Amino acid sequence: MAVQTRVKPAKNDTPKTENHAGLSRDTLIRLYRVMYMSRKLDDREIQLKRQNKIFFQISSAGHEAVTAAMGLLLRPGIDWAYPYYRDRALCLMLGVSPLEMLLQAVGAQDDPSSGGRQMPSHWGHAKFNVVSKSSCTGTQFVQAVGAAEATLYYEQHPKALTQAKKAPLGELARHAADEIVYVSSGDGATSEGEFWESLNAACAKKLPLLYLVEDNGYAISVPVEVQTAGGSISKLVRGFPGLYVAECDGTDPIASYAVCQEAVNYCRERRGPAFIHAHVTRPYSHSLSDDEKLYKVTEEREAEAHRDPLSKFALFLVREGVLNQKQIESLEAQVDHEVRQAGDAALAAEVPAVESVMVNVYSPDIDPTSSAFEAEAQLHGAPKTMVEMVSATLNDEMSRDERITVFGEDVADASREENLKEVKGKGGVFKATAGLQRKYGSTRVFNTPLAEASIIGRAIGMATRGLKPVPEIQFFDYIWPAMMQIRDELCVLRWRSNGSFKCPAVVRVAIGGYLTGGAVYHSQSGESIFTHCPGLRVVMPSTALDVAGLLRTAIRCDDPVMFLEHKHLYRQPYNRSEYPGADFTIPFGKARVVKEGTDVSIITYGAFVHRAEVAAAQLEREGVSAEIVDLRSLSPYDWDGICASVRKTHRVIVAYEDMLSWGYGAELAARIADELFDELDAPVRRIAAMDTFCAYQPRLEDAILPQSDTVVTAVKKLLDY
């Protein structure tokens, strides 16, 4: 429970008579009220948890002073905040009500942070620009970088802001001339790679990003000297150029306010990012799932109690004549009453309906599977390869929509713009983005550091602010550092915020093998891992025409999309197409019948489509009629199209490039067997790669990956069943 506010001062405590950092009497009282309110809400939640009326609790105790002070300096609904779970006082200061916080604790349907979907103290409130927080440690840092990039982007591209306001959730497309972005964490999160990636990007781009690290000496049970080299995160970051670094006693709201004010001004003046290292305390355990007595000795806990910000500030107010003891008791009684009322109201609140669980998995505003995305191709010009079609489609869309940014490793023509007069330019390792920087400038097309988690995290922050980022992951084989950002952030944000926030980024990824020499780390598949992520659309075209239609749909829809571009297909002559026009779109979840047939259905996608065509041509010469269905879109996929084909042929092979076991085709085969069993004249067969890695030696690669003759053999066996 709370440390008592009326604690006798230690002998070395002396009254402070300085100018209170310019804060008025009313503001000092407001500070104490918010700090006390924060602590009493923690205590009320602890009580409710012990009564089994809520289901989780993590407190902000000990962090109230610096976060309340910071809340005075941030402007609700103007500045953007990426707070962490101990920022209750900051959120109260910004305007989140006690009732709203307790609605979150009970998981009520009217909880503005998540509608009962997210744990308590995972703050989110669209009205105040408080972006929904996940439980992942450190992921918020790179997202805050993206949000700060959006701040500078809107200053340079006002048309993009106008377009963002017209899009779904356009009310979040807010921008003010001197806005800043705030991001916070405990000291423990600074060990995550995203923290260091974010500092690198923020300093390189001189972003208006304010870091607050609230150091209570522990990362759950890990003490700071074990968690942080040298025991001081501020000492470690001082070498970053242009980074304003300051430390403060985070248990003293006056001292904290003075330091925070300097840092906020530094960011508002566009001098670069700022970093505050606040030394706070943690009088309670990490959460109610933790017991600090298991790793903290009694003497340490008693010393922390003497640093408690509530008792210290109450004494300060009395000593300075701001309030007397009776006035403090009256203020606390008012807060106690307000918290009791809020608790009673929260316990009586409606819980979400079970039927709501599928709401806001995807956008309720734009359906990329609908007929609105069916368009006739207006073919013209010379045939283009797949990679040329990527570039042409991006070019048209960037011309139409100034919200679009393209970035990643090597995607720009040349980061040193002065070199563009003398060099041809890179434009991506596959040349898919060649010429875009020259045409649209370095604010819209730019290179990033080699940091995949940062690339995706920054895209999330931009998209949350209303931009339409199209980041590139250079090779699918190297996407794994970004997995946390994709699985736990990109595709979850809309759902966990109950539709208050979204991040419709389009992640372009070069994928697949059949490269002759690609080997282990340039030939991977693994699309099934991402089709297993609700909220994420996954598409994989096999022709240049489909690239144009599906990429345009991906950009114009309102969901995050993983756009998989098979490297082997980039420059093949057999899948080229004339350009279909600037408004050509293809709905997601609509397969393409590549070849009609009557004897067997081959359900496939990606680079294996052409191998299936080669096999079907050989089978045709032998009197076997094979139907080929190219899924094109993997999530969602065209179940109706699959059903129609199976009901026609009554035999089916699911063919895919990834490994056989646990692959994408396993789900299709299982569903066909489950729901179309009566239509089948033979078991469902799968053709896929061996359960091993792709080798460098071409002979080994050919043996590992499925080939056309594999299809021929499998079809003949199936017909003989």
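Computed from a predicted structure; not experimentally measured.

Overview of the overall build of the chain
A tally of regular secondary structure across the chain gives 25 helices and 21 strands. Computed over its C-alpha atoms, the radius of gyration of the chain comes to 29 Å, within 12% of the 27 Å expected for a compact globule of 721 residues. Summarising its shape, the C-alpha atoms of the chain cover approximately 100 × 65 × 45 Å along the three principal directions. When the 721 residues of the chain are sorted by exposure, 60% land in the buried category. Intrachain contacts of the chain at a sequence separation of at least 6 include 80% that bridge at least 24 residues. As displayed, the chain offers around 27,700 Å² of accessible surface, 52% of which is attributable to carbon and sulfur atoms. Taken together, the 79 basic and 94 acidic charged side chains of the chain have centroids lying 3 Å from each other.

Thoughts on the side chain of Glu472
Mapped onto the fold, Glu472 is located in strand β11 (residues 468-473). Of the polar contacts made by the side chain of Glu472, one reaches the side chain of Arg508; its length is 2.8 Å. In contact with Glu472, other than residues within four places in its own chain, are Phe407, Gly408, Glu409, Val411, Thr433, Ile455 and Arg508.

Things to note about the sheet that holds strand β7 (residues 274-279)
Hydrogen bonds along the backbone pair up the strands of a sheet, which may run parallel or antiparallel. Spatial ordering of the open sheet is given by β1-β2-β3-β7-β6, a layout of 5 strands whose pairing is parallel. Bordering the open sheet on either side are β1 (80-82) and β6 (244-249), each of which pairs with just one other strand. Each strand of the sheet is rotated relative to its neighbour by a mean of 15 degrees, with strand direction disregarded. Inspection of the sheet shows β1 paired to strand β2 (residues 181-186) by 3 bridges, in the parallel sense. Bridge pairing links Ala81 to Tyr182 in β2.

Things to note about the pattern of salt bridges
Enumeration over the complete set of coordinates arrives at 45 salt bridges. Between Asp344 and Arg44 there is a salt bridge, with its nearest N and O atoms 3.9 Å apart. With a gap of 300 residues between them, Asp344 in helix α13 (residues 325-347) and Arg44 in helix α1 (residues 25-50) connect regions that are remote in the sequence. Among the charged side chains, a network of salt bridges with common partners joins Arg282, Asp290, Glu292, Lys296, Arg301 and Glu304.

A word on the nonpolar core
Formed by 88 residues in total, the largest nonpolar core has its most connected members in Leu209 and Tyr211. With 9 residues, the single largest contributor to this core is helix α5 (residues 139-156). The contacts of Tyr211, once residues within four sequence positions are left out, are Phe141, Val145, Val183, Phe195, Ser198, Leu199, Ala202, Pro273, Ala274, Phe275 and Ile276. One finds Leu73, Ala81, Met93 and Leu102 within the second-largest nonpolar core, a separate group that totals 67 residues.

Here we look at the sheet that holds strand β12 (residues 506-511)
Pairing is mixed across the open sheet formed by 7 strands, whose spatial order is β10-β9-β11-β12-β14-β13-β19. Where the open sheet ends on each side, the last strands, each with one partner, are β10 (445-447) and β19 (633-635). Neighbour-to-neighbour, the strand axes of the sheet open up by a mean angle of 20 degrees, direction not taken into account.

Section: the environment of Lys296
Along the chain, Lys296 turns up in the loop between β7 and α11 (298-306). Along the primary structure Lys296 and Ser285 are separated by 11 residues, whereas in three dimensions their C-alpha atoms are 9.8 Å apart. Apart from residues no more than four positions distant in its own chain, Lys296 is found in contact with Tyr218, Arg282, Arg301 and Glu304. There is a polar contact of 3.4 Å between the side chain of Lys296 and the backbone oxygen of Arg282.

Things to note about the packing of aromatic side chains
Applying the stated criterion across every chain yields a total of 21 aromatic pairs. With centroids separated by 5.4 Å and ring planes inclined at 80 degrees, the aromatic side chains of Phe476 and Trp480 adopt a geometry described as edge-to-face. What makes Phe476 buried here is its relative accessible area of 0%. Overall, Trp480 belongs to the partly exposed group, its relative accessible area being 32%. Feature note: the residues Phe141, Phe195, Trp196, Tyr211, Phe240 and Phe275 constitute an aromatic cluster, connected by ring pairs. The ring of Tyr284 has Arg39 sitting right over it, with the charged end atom 5.9 Å from the ring centre.

Digging into the packing of α5 against helix α16 (residues 452-464)
Where α5 meets α16, the closest approach of the two axes is 6 Å, and the angle between their N-to-C directions is 50 degrees. In terms of axis orientation, α5 runs oblique to α16. The handedness of the crossing between α5 and α16 comes out as right-handed. For the pair formed by α5 and α16, the contact residues are Val142, Gln143, Val145, Gly146, Ala147 and Glu149 on the first element and Ala453, Ser454, Gly457, Arg458, Ile460, Gly461 and Met462 on the second.

Here we look at the state of the cysteines
Under the defined criterion, the tally for this structure stands at 0 disulfides. With no disulfide of its own, Cys203 lies 10 Å from the sulfur of Cys267, the closest cysteine sulfur.

With respect to the pairing of strand β20 (residues 652-659)
With 7 of 8 residues buried, β20 lies mostly within the body of the structure. As paired elements, β20 and strand β21 (residues 685-689) share 4 bridges and run parallel to each other. Counted as the bridge partner of Val654 is Arg686 from β21. After leaving β20, the chain enters helix α23 (residues 664-675) and then returns to the sheet as β21, a path that is right-handed.

Examining the confidence of the model for the chain
Averaged over every residue, the pLDDT of the chain is 95; the share at 70 or more is 98%. A low-confidence stretch, residues 1-17 (pLDDT under 50), is modelled with 32 contacts involving residues beyond four sequence positions or located in other chains.

As for empty space enclosed by the protein
Summed over all chains, the structure comprises 5 cavities of 30 Å³ or more. Here the largest cavity defines a volume of roughly 90 Å³. As for the largest cavity, its lining consists of 16 residues, of which Pro168, Leu169, Ala463, Gly466 and Lys502 are closest to the centre. For the lining of the largest cavity, the class distribution of residues is 10 nonpolar, 3 polar and 3 charged. In this structure, the second largest cavity occupies an estimated 70 Å³ of space. It is helix α4 (residues 98-106) that provides the largest number of residues to the lining of the second largest cavity, a total of 3 residues. Within the lining of the second largest cavity, the residues separate by chemical class into 6 nonpolar, 4 polar and 2 charged.

Conventions used here
Per chain, the residues get numbers from 1 upward, laid out in the order the sequence is written. Reporting in this predicted model follows two pLDDT cut-offs: at least 70 for local features of residues, and 80 or more for side-chain atom pairs to be given and counted; totals over whole chains, interfaces and linings ignore these cut-offs and use all residues. The side-chain figures draw on all heavy atoms in the structure; neither hydrogens nor water molecules are used. Under the DSSP-based scheme used, a helix requires at least four consecutive residues in state H or I and a strand at least two consecutive residues in state E, with every element numbered from the N terminus. Our radius of gyration looks at C-alpha atoms and nothing else; its globule reference is 2.2 Å times the residue count to the power 0.38. We call a residue buried when its accessible area falls under 20% of the maximum for its residue type, exposed when it is over 50%, and partly exposed in between, using a 1.4 Å probe and counting protein chains only. Throughout, a residue-residue contact means that at least one pair of heavy atoms, one from each residue, lies within 4.5 Å. Only the protein chains shown count as cover for residues, with accessible areas throughout obtained via the Shrake-Rupley method and a probe of 1.4 Å. We score Asp and Glu as negative and Lys and Arg as positive, and we do not count His or the chain ends. Working definition for charges: the position is that of NZ of Lys, CZ of Arg, CG of Asp or CD of Glu. Two N or O atoms count as a polar contact when they lie within 3.5 Å, although within protein this holds only if one can serve as hydrogen donor and the other as acceptor, and sequence-adjacent residues are included solely when both atoms are side-chain atoms. In short, DSSP must find at least two bridges between two strands for them to pair. The axes used here are C-alpha line fits, helices contributing only the stretch in contact, and every angle between their N-to-C directions lies in the interval 0 to 180 degrees. Here a salt bridge means any side-chain nitrogen of Lys or Arg lying within 4 Å of a carboxyl oxygen belonging to Asp or Glu. Throughout this description, the term nonpolar core refers to a set of buried Ala, Val, Leu, Ile, Met, Phe, Trp, Tyr and Cys residues connected via side-chain atoms within 4.5 Å. Centres within 6.5 Å are what make two rings of Phe, Tyr or Trp a pair, Trp counting through its six-membered ring; a difference in plane orientation under 30 degrees is then read as stacked, over 60 as edge-to-face, and the rest as tilted. Only when the NZ atom of a Lys or the CZ atom of an Arg is both within 6 Å of the ring centre and within 35 degrees of the ring normal do we say a charge sits over the ring. Should an angle lie under 35 degrees it is considered roughly parallel, over 145 roughly antiparallel, and from 65 to 115 roughly perpendicular; all remaining angles are considered oblique. Handedness of a helix crossing follows the sense of rotation of the near helix relative to the far helix, less than a right angle counterclockwise being left-handed and clockwise being right-handed. Cysteine sulfur atoms are paired as a disulfide whenever they come within 2.5 Å of each other. Viewed with both strands pointing away, a crossover whose connecting path from the first strand over the helix to the second turns clockwise is right-handed. Each residue carries a pLDDT score, the predictor's confidence in it, ranging from 0 to 100. Only protein atoms enter the calculation, which uses a 1 Å grid: trapped sets of points that fit a 1.4 Å probe without letting it out are cavities, open sets showing protein on both sides within 12 Å along at least five of seven lines are pockets, and any residue with an atom within 4 Å of a point is a lining residue. Grid points are joined across faces, edges and corners, and a volume is the space filled by probe spheres set on the points. Polarity classes work like this: nonpolar for Ala, Val, Leu, Ile, Met, Phe, Trp, Tyr, Cys and Pro, charged for Asp, Glu, Lys and Arg, and polar for all others, with Gly in that last group.

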